[in-house]
Amino acid sequence: MANDFIAPDGYPRCQWCGGAPELLPYHDNEWGFPVADDQRLFEKLCLESFQSGLSWRTILNKRENFRAAFHHFDFHQVARFGDDDVQRLLQDAGIIRHRGKIEATINNAKRAQEMVEQEGSLAAFFWRYEPPSDALAAPQTQTTSPESIALANALKKRGWKFVGPTTVFAFMQAMGLVNDHAEVCVIRDKAARAREGFLRPTGQ
């Protein structure tokens, strides 16, 4: 993919992070670096679901509001949300007030609890779908993959909602299951080194 964004430090980055100042620190410090923390994984999958039809910049600018509204995406707390919480969230102008996505987040929190009980952790389950490095197309040339389709299907079978293959692939890119930084991006090697040193989580 063409990459002509030169960051203020003079080094090239993925083109998409040049669209707004707040995207650069997210790109440099989070996107594509491997994550094994269940709460962060749950948060990102939820935020990707909220992003559907919107830009990541919109979600990123509201991320702290989402964290406040959903108890920092502690899925044990979110799983206890009831109708009063749904109404509270529908009145919260700091987040995306979409009833279906709000209710899906609460549903998915309950499914996350079940997954931890069955698999040991969310991380152990998600990282099973890490694709072989030689199976990937050129960076940022695809929006789904066989692995994202398989993971989306597996989640749907377990009752998760708003987790289609495109949403799941974006989640995999962000959480480091793939290194999709552009070839010329100065962060690509940094993400690759992080992935090399990353201890893949295993189940119970």
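What you see is a predicted model, and the numbers here were worked out from it, not measured in a lab.

Conventions used here
- Residues numbered from 1 in each chain as written.
- Predicted model: local features only at pLDDT ≥ 70, side-chain atom pairs only at ≥ 80, totals over all residues.
- Heavy atoms only, no water.
- Axes fitted to C-alpha atoms, helices over the stretch in contact; angles between N-to-C directions.
- Helix = DSSP H or I, 4+ residues; strand = E, 2+ residues; numbered from the N terminus.
- Parallel < 35°, antiparallel > 145°, perpendicular 65-115°, else oblique.
- Left-handed = near helix turned anticlockwise from the far one by under 90°.
- Contact = heavy atoms within 4.5 Å.
- Nonpolar A, V, L, I, M, F, W, Y, C, P; charged D, E, K, R; others polar.
- UniProt positions renumbered as here; feature names shortened; annotations may be inferred.
- 1 Å grid on protein atoms, 1.4 Å probe; cavity = no way out; pocket = protein on both sides within 12 Å on 5 of 7 lines; lining within 4 Å.
- Points joined across faces, edges and corners; volume = space filled by probe spheres on them.
- Salt bridge = Lys/Arg side-chain N within 4 Å of Asp/Glu carboxyl O.
- Buried < 20%, exposed > 50% of the residue type's maximum accessible area, 1.4 Å probe, protein only.

*Asks:* Explain the packing of helix 6 (residues 83-90) against helix 7 (residues 99-119) to me, please; I cannot follow it from the model alone.
*Replies:* Each pair of packed helices can be summarised by the angle the axes make with each other and by the distance between the axes. In the contact formed by helix 6 and helix 7, the axes pass within 10 Å of each other and the chain directions differ by 135°. Judged by the inter-axis angle, helix 6 sits oblique to helix 7. Relative to helix 7, the crossing made by helix 6 is right-handed. Facing Val 86, Gln 87, Leu 89 and Leu 90 of helix 6, the residues of helix 7 in contact are Arg 99, Ile 102, Glu 103 and Ile 106. Considering only residue class, the contact of helix 6 with helix 7 consists of five nonpolar, one polar and two charged.

*Asks:* Could you clarify how one ought to interpret the UniProt feature "binding site: Zn(2+)" (unreviewed entry) in the protein in this entry?
*Replies:* In the UniProt entry, the feature "binding site: Zn(2+)" (unreviewed entry) is given for Cys 14, His 27, His 181 and Cys 185. Sequence-wise these annotated residues cover 172 residues; spatially they are packed, their C-alpha atoms never more than 10.4 Å apart. Structurally, the position occupied by His 27 is in helix 1 (residues 23-29). Setting aside anything within four residues of it in sequence, one finds His 27 in contact with Arg 13, Cys 14, Trp 16, Cys 17, Phe 33, His 181, Cys 185 and Ile 187.

*Asks:* Would you mind showing me how to read the layout of surface pockets here?
*Replies:* Empty space left among the atoms is revealed by rolling a probe the size of a water molecule over them. As a volume, the largest pocket reaches approximately 470 Å³. Lining the largest pocket are 18 residues, and of these Trp 31, Glu 48, Gln 51, Ala 170 and Gln 173 lie nearest its centre. Contributing elements (two or more residues each) for the lining of the largest pocket: helix 2 (38-51) and helix 10 (165-174). Its residues assigned to classes, the lining of the largest pocket comprises six nonpolar, nine polar and three charged.

*Asks:* Looking at this structure, I do not really get the pattern of salt bridges. What am I missing?
*Replies:* Pairs can form between side chains of opposite charge once their charged atoms are near each other. Under the definition given, this model contains 15 salt bridges. A salt bridge links Asp 85 to Arg 88; the shortest N-O distance between them is 3.3 Å. With a gap of three residues between them, Asp 85 and Arg 88 both fall in helix 6, about one helical turn apart. Since its relative accessible area comes to 36%, Arg 88 is described here as partly exposed. Across the pair Glu 130 and Arg 200 runs a salt bridge whose closest N-O atoms are separated by 2.7 Å. Within this pair, whereas Glu 130 is found in the loop between helix 8 (122-126) and helix 9 (146-157), its partner Arg 200 is found in the segment after helix 11 (188-196), the two being separated by 70 residues in sequence. Under the relative-accessibility criterion, Glu 130 is labelled partly exposed at 21%.

*Asks:* Please explain unusual backbone geometry as it appears in this structure.
*Replies:* Among all residues except glycine, the phi angle is most often negative; among peptide bonds, the trans geometry is most common. Unlike most non-glycine residues, His 71 shows phi in positive territory, near 50°. Residue His 71 is classed as partly exposed on the basis of its relative accessible area of 37%. With phi around 55°, Gln 140 is a residue other than glycine that occupies positive phi space. Mapped onto the elements, Gln 140 comes out in the loop between helix 8 and helix 9.

*Asks:* Looking at this model, I keep getting lost on the environment of Ala 36. Mind explaining?
*Replies:* One can find Ala 36 in the loop between helix 1 and helix 2. Of the residues examined, Ala 36 reaches a relative accessible area of 35% and is grouped as partly exposed. Sequence spacing of Ala 36 and Trp 127 is 91 residues, and the spatial spacing of their C-alpha atoms is 8.5 Å. Ignoring sequence-local partners within four residues, the contact set of Ala 36 consists of Leu 41, Ala 123 and Phe 198.

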